[in-house]
Amino acid sequence: MSQSVNDSLSEDRKVLLGMLRTLLSDLQNIQQLGAGYYDSVSFIDRYNKLLEVARDIFPSSRLMETFSPIEAVKSVDPVDKMKMTQKVLIEGGQLISLIESSLDHAPESSKAGE
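Residues numbered from 1 in each chain as written. Predicted model: local features only at pLDDT ≥ 70, side-chain atom pairs only at ≥ 80, totals over all residues. Heavy atoms only, no water.

*Asks:* Even after reading the chapter, I still don't get the confidence of the model for the protein chain, so can you show me in this structure?
*Replies:* One rule of thumb: low pLDDT means the predicted coordinates there are not for detailed reading. Across the protein chain, the average pLDDT comes to 86, with 88% of residues at 70 or higher. By mean pLDDT, helix α4 (residues 108–112) is the weakest element of the protein chain at 46, and helix α2 (residues 41–57) is the strongest at 96. In this model residues 109–114 is a low-confidence stretch, pLDDT under 50, and it forms 9 contacts with partners more than four residues away in sequence or in other chains. (pLDDT = per-residue confidence, 0-100. Helix = DSSP H or I, 4+ residues; strand = E, 2+ residues; numbered from the N terminus. Contact = heavy atoms within 4.5 Å.)

*Asks:* Is there a simple way to think about the side chain of Gln 31 in this case?
*Replies:* As for its position among the elements, Gln 31 is in helix α1 (residues 3–32). For Gln 31, the side chain forms a polar contact with the side chain of Thr 85, separated by 2.9 Å. Residues contacting Gln 31, with those up to four places away along its chain left out, are Tyr 38, Met 82, Thr 85, Gln 86 and Leu 89. (Polar contact = N/O pair within 3.5 Å; in protein donor to acceptor, adjacent residues only side chain to side chain.)

*Asks:* Help me understand the packing of α2 against helix α3 (residues 78–104), please; the structure alone is not making it clear to me.
*Replies:* Helix-helix packing is described using two parameters, namely the angle between the two axes and the distance between the axes. At their nearest, the axes of α2 and α3 sit 10 Å apart, and the two run at 25° to each other. As judged from the angle between their axes, α2 and α3 are roughly parallel. Judged by the sense of rotation from one axis to the other, the crossing of α2 with α3 is left-handed. Between α2 and α3, the contacting residues are Ile 44, Tyr 47, Leu 51 and Ala 54 on the first element and Met 84, Val 88, Glu 91, Gly 92 and Leu 95 on the second. (Axes fitted to C-alpha atoms, helices over the stretch in contact; angles between N-to-C directions. Parallel < 35°, antiparallel > 145°, perpendicular 65-115°, else oblique. Left-handed = near helix turned anticlockwise from the far one by under 90°.)

*Asks:* Is there a simple way to explain the side chain of Ser 61 in this structure?
*Replies:* Within the secondary structure layout, Ser 61 lies in the loop between α2 and α3. Residue classification places Ser 61 among the buried residues on the basis of a relative accessible area of 19%. At 3.2 Å, the side chain of Ser 61 forms a polar contact with the backbone nitrogen of Leu 63. (Buried < 20%, exposed > 50% of the residue type's maximum accessible area, 1.4 Å probe, protein only.)

*Asks:* Even after reading the chapter, I still don't get α3, so can you show me in this structure?
*Replies:* The α-helix advances 3.6 residues per turn, and as a result positions three or four apart in sequence lie on the same side. Given a rise of 1.5 Å per residue, 27 residues ought to cover 39 Å, and the 38 Å separating the end C-alpha atoms of α3 matches this to within 8%. Among the residues of α3, those classed as buried are Lys 81, Met 84, Thr 85, Val 88, Leu 89, Gly 92, Leu 95, Ile 96, Leu 98, Ile 99, Ser 102 and Leu 103. (Expected span 1.5 Å × (residues − 1).)

*Asks:* Mind showing me how you'd approach the environment of Asp 77 here?
*Replies:* Among the secondary structure elements, Asp 77 is positioned in the loop between α2 and α3. Judged by relative accessible area, which is 32%, Asp 77 ranks as partly exposed. Each C-alpha atom, one on Asp 77 and one on Tyr 37, is 9.7 Å from the other, the two residues being 40 residues apart in sequence.

*Asks:* How should I be thinking about the environment of Ile 44 in this particular structure?
*Replies:* Checked against the element boundaries, Ile 44 lands in helix α2. On the accessibility criterion, Ile 44 (0% relative accessible area) is buried. For the pair formed by Ile 44 and Pro 69, sequence separation is 25 residues and the distance between their alpha carbons is 8.5 Å. If we skip the residues at most four places from it in the chain, Ile 44 touches Ile 70, Glu 71, Ala 72, Met 84 and Val 88.

*Asks:* Would you mind showing me how to read the pattern of salt bridges here?
*Replies:* Using the criterion set out here, one finds 2 salt bridges in the structure. One salt bridge in this structure joins Glu 100 and Arg 21, with 2.2 Å as the shortest N-O distance. Here the residue Glu 100 occupies a position in helix α3, and Arg 21 occupies one in helix α1, the gap between them amounting to 79 residues. On the basis of relative accessible area, Glu 100 is assigned to the partly exposed category, the value being 30%. (Salt bridge = Lys/Arg side-chain N within 4 Å of Asp/Glu carboxyl O.)

In structure tokens:
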């Protein structure tokens, strides 16, 4: 793979990593407001879109096969909302770990900017 392609993939991973961290932070902030006065569907939709991007960035990774889109179920029940947000938090956290690991193991030439 050419250096410019490696650099582009590395940059995409870094951007995706930041977007996932922000999504999970926003979700935790909204969730802490309590009483289920939030709509988890928008968070699930966003997670699913970011998962699609991750699949494009990691097309041959067997670990990507362990992630599935999360089904968005519109519910007013706070327990249902909590369960859905927990899925996003868990899956998003795992996806962050995968991306961080891939950045940690990037070829040295990509890290050094050669």
